[in-house]
Amino acid sequence: MGTRKKRERQENLWYGGELPTAPGHPFYKRLNDVLDAAGFDRFCETECAGFYHHKLGRPSLPPGQYFRIMMIGFFEGLDSERGIAWRLADSLTLRQFLCIGLDENTPDHVTISRTRRLIDAETHQRIFRWVLERLAHSGLIKGRTIGVDSTTLEANAAMKSIVRRDTGESYTAYLTRLAEVEGIEAKDAPALLRMDRKRSKKTSNEEWKHPIDEEAEITKLKDGRTALAYKAENAVDMETGAIVAVTTHGGAAADTTTVTGTVIDAGIAVAELIAVEPEEGECEVHAEGVREVVADKGYHSNDVLVGLAELPVRTYIAEPDRGTRNWIGRPSEKQAVYSNRRRIRGDRGRRLQRRRGERIERNFAHQFDTGGLARLYVRGLDNVHKKFLIQAAGCNLRCSCARYMARASREPLMREFSSFFLRFWRL
């Protein structure tokens, strides 16, 4: 297995003034300082040792370097591993960040993809939790109140390629068979489409799948298009904006069916951070763990409110207008709904709902819009989950470095740079 220590190089004996150099980006320099001081490479190499042979095979991509490369996709707004590989080959700053010399080749997209498939999702999860520990050490996680939200992302699979689960025939072959049964002359594709528009139909996930990416599900995206997609759901600390849990689902999974699992994952993550000692003068993680959950009206249902009340956590979930409700024979549902309604109408509930847009919606904008993950270029729920985890880890590391720059802004030499930096990297 390649390690960062083995890649350390001695400084050149002779002056190399004719070689191209770059001053490097202050953010990447500070990020490397933070990762090196915390032993990031040593931790990655220990966790990934089981996936590498100590001697055989071609020179491998060191684990610490691989995770840095995946985070570059977020920092540079690149959506695919091929785009990341092109950017690495073109940037002297990123070569410095990854400790790749000018006489060395940067990793190509095949090496990056192969390494991602080699390292399992559990190891990616442990890297994400390691980043959470660094945030807790810096006082950037409180964990008492979390907000939950989700978004759908178009999968790397085309709707025109779907096939039936029972027969395996394509959509065009299916329409041709229907036309023959009904005695309709449909010899060309336009005629088939005209017939398809007239019949009542529903393209359900129980009947159709993509032949390559079977875990992608048919759903309606936010722009109104129907496509194969995945759903990313985040649990965010409402006080600091740090992402404490990431779950991945098929695109058609309803919010009311996934929120409980996400809250449980967030509760476990926060509980593991309680023992982390913060820096001097920083606040600790809430000793009782997660106690409040904030969400929009898409998460409101009787079962969700009852289930979260049993955990137990207080809910601040916006309630849609459902008119008069019938509560006969459902006392527990009535109590949960009325308790949630009373809380969201109070001053604290209104403040949390306003803060939800700042903490959660802005986080999604950083992760998926400016972070270059508006569309997926990997297939399979496992690979998609790995991308989401490292994307969230990069987002959290950005928070940590932005806080450092805010502190450094007190110094006259750093004040001008920090004001520029925080405009782009602030929460």
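These numbers were taken from a predicted model, which means no experiment stands behind them. (Residues numbered from 1 in each chain as written. Predicted model: local features only at pLDDT ≥ 70, side-chain atom pairs only at ≥ 80, totals over all residues. Heavy atoms only, no water.)

## Focus on the overall build of the protein chain
Next, step 1: For the protein chain, the count of helices and strands is 15 helices and 8 strands.
Next, step 2: Put simply, 71% of the contacts in the protein chain that link residues at least 6 apart link residues at least 24 apart.
Next, step 3: Element-wise, carbon and sulfur atoms account for 50% of the exposed surface of the protein chain, whose accessible area totals about 22100 Å². (Helix = DSSP H or I, 4+ residues; strand = E, 2+ residues; numbered from the N terminus. Contact = heavy atoms within 4.5 Å. Areas by Shrake-Rupley, 256 points an atom, 1.4 Å probe, with all protein chains shown as cover.)

## Some details on the packing of helix 2 (residues 40-47) against helix 3 (residues 63-75)
Next, step 1: Axis separation between helix 2 and helix 3 bottoms out at 7 Å; the angle between their running directions is 110 degrees. In this view, helix 2 runs roughly perpendicular relative to helix 3, as classed from their interaxial angle. Facing F40, D41, C44 and E45 of helix 2, the residues of helix 3 in contact are P63, G64, Q65, F67, R68 and M71.
Next, step 2: Residues belonging to the contact of helix 2 with helix 3 are distributed by class as follows: 5 nonpolar, 2 polar and 3 charged. (Axes fitted to C-alpha atoms, helices over the stretch in contact; angles between N-to-C directions. Parallel < 35°, antiparallel > 145°, perpendicular 65-115°, else oblique. Nonpolar A, V, L, I, M, F, W, Y, C, P; charged D, E, K, R; others polar.)

## Overview of the packing of helix 8 (residues 171-182) against helix 9 (residues 189-198)
Next, step 1: Axis separation between helix 8 and helix 9 bottoms out at 10 Å; the angle between their running directions is 75 degrees. The angle between the axes of helix 8 and helix 9 places the two elements in the roughly perpendicular class. Taken together, the residues of helix 9 that come into contact with helix 8 (itself represented by Y171, T172, L175, T176, L178 and A179) are L192, M195 and D196.
Next, step 2: Here the residues of the contact of helix 8 with helix 9 sort into 6 nonpolar, 2 polar and 1 charged.

## So, the pattern of salt bridges
Next, step 1: Under the definition given, this model contains 23 salt bridges.
Next, step 2: One salt bridge in this structure joins D166 and R164, with 3.1 Å as the shortest N-O distance.
Next, step 3: A relative accessible area of 55% places D166 in the exposed class.
Next, step 4: A salt bridge links D382 to K386, with the nearest nitrogen and oxygen atoms 3.9 Å apart. Highlighted residues: D382 and K386, both in helix 14 (residues 381-408), separated by 4 residues, approximately one helical turn.
Next, step 5: You can call D382 partly exposed: its relative accessible area is 43%.
Next, step 6: Using a relative accessible area of 2% as the deciding quantity, one classes K386 as buried.
Next, step 7: Through salt bridges with shared partners, a single network forms among R144, E292, R314 and R348. (Salt bridge = Lys/Arg side-chain N within 4 Å of Asp/Glu carboxyl O. Buried < 20%, exposed > 50% of the residue type's maximum accessible area, 1.4 Å probe, protein only.)

## Remarks on the pairing of strand 8 (residues 314-317)
Consecutive residues of a regular strand have side chains that alternate between opposite faces of the sheet.
Next, step 1: Examined bridge by bridge, strand 7 (residues 292-295) and strand 8 share 4 bridges and lie parallel to one another. Residue pairing for strand 8: A295 is matched across the bridge by I317.
Next, step 2: Between the parallel elements strand 7 and strand 8, the chain passes through helix 11 (residues 302-309) in a crossover that is right-handed. (Pairing = 2+ DSSP bridges. Right-handed = clockwise from strand over helix to strand, strands pointing away.)

## Some details on the packing of aromatic side chains
Next, step 1: Throughout the structure, instances matching the rule amount to 14 aromatic pairs.
Next, step 2: Between F40 and W130, the ring centres sit 5.1 Å apart and the planes meet at 55 degrees, which makes this aromatic pair tilted. Taken together, the positions of F40 in helix 2 and W130 in helix 7 (residues 121-137) put the pair 90 residues apart, joining distant regions of the chain.
Next, step 3: Members of the aromatic cluster, connected to one another through ring pairs, are F27, Y28, F74, F75 and F97.
Next, step 4: Sitting over the face of the ring of W130, R134 holds its NZ or CZ atom 4.7 Å from the ring centroid.
Next, step 5: Lying across the ring of W208, R164 places its NZ or CZ 5.2 Å from the centre. (Phe/Tyr/Trp six-rings, centres within 6.5 Å; stacked < 30°, edge-to-face > 60°. Lys NZ or Arg CZ within 6 Å of the ring centre and 35° of its normal.)

## Overview of the confidence of the model for the protein chain
Close inspection of predicted coordinates is inappropriate for parts of the model with low pLDDT.
Next, step 1: Scored by pLDDT, the protein chain has a mean of 85; 87% of the residues are at 70 or more.
Next, step 2: When mean pLDDT is compared element by element in the protein chain, strand 7 scores highest at 96, while helix 15 (residues 412-425) scores lowest at 42.
Next, step 3: Of the regions scoring below 50 in pLDDT, residues 409-427 engages in 30 contacts with residues more than four places distant in sequence or in other chains. (pLDDT = per-residue confidence, 0-100.)

## Quick look at a positive patch on the surface
Next, step 1: Taken together, the side chains of R194, R197, K198 and K201 make up a positively charged region of the molecular surface.
Next, step 2: Checked against the element boundaries, R194 lands in helix 9. (Patch = residues over 30% accessible without salt bridge, like charges linked within 9 Å, V, L, I, M, F, W, Y side chains within 5 Å. Lys, Arg positive; Asp, Glu negative; His and termini not counted. Charge placed at Lys NZ, Arg CZ, Asp CG, Glu CD.)

## What about the side chain of N302?
Next, step 1: Following the sequence through the fold, N302 ends up in helix 11.
Next, step 2: If we ignore the near neighbours within four places in the chain, the residues touching N302 are R325, W327, R330, E333 and V337.

## Structural notes on a nonpolar patch on the surface
Next, step 1: Together, I264, I268 and L311 give the surface a local cluster of nonpolar side chains, amounting to about 240 Å² of exposed area.
Next, step 2: Relative to the assigned elements, L311 resides in the loop between helix 11 and strand 8.
Next, step 3: For L311, a relative accessible area of 40% gives the class partly exposed.

## Considering the state of the cysteines
Put plainly, a disulfide is one covalent bond tying together the sulfur atoms of two cysteines.
Next, step 1: If you walk through the whole model with that rule in mind, you get 0 disulfides.
Next, step 2: We note that C44 lacks a disulfide partner, and the nearest cysteine sulfur, in C48, lies 6.1 Å from it.
Next, step 3: Relative accessible area serves as the criterion here: at 0%, C44 is assigned to the buried category. (Disulfide = S-S within 2.5 Å.)

## Concerning the nonpolar core
Next, step 1: Residues F40, F67, F128, I141, I146, V148 and F388 are the most contacted members of the largest nonpolar core, which totals 102 residues.
Next, step 2: Once residues within four sequence positions are removed from consideration, F128 is found in contact with I243, V244, A245, V246, L389, A392, A393 and N396. (Core = buried A, V, L, I, M, F, W, Y, C linked by side-chain atoms within 4.5 Å.)

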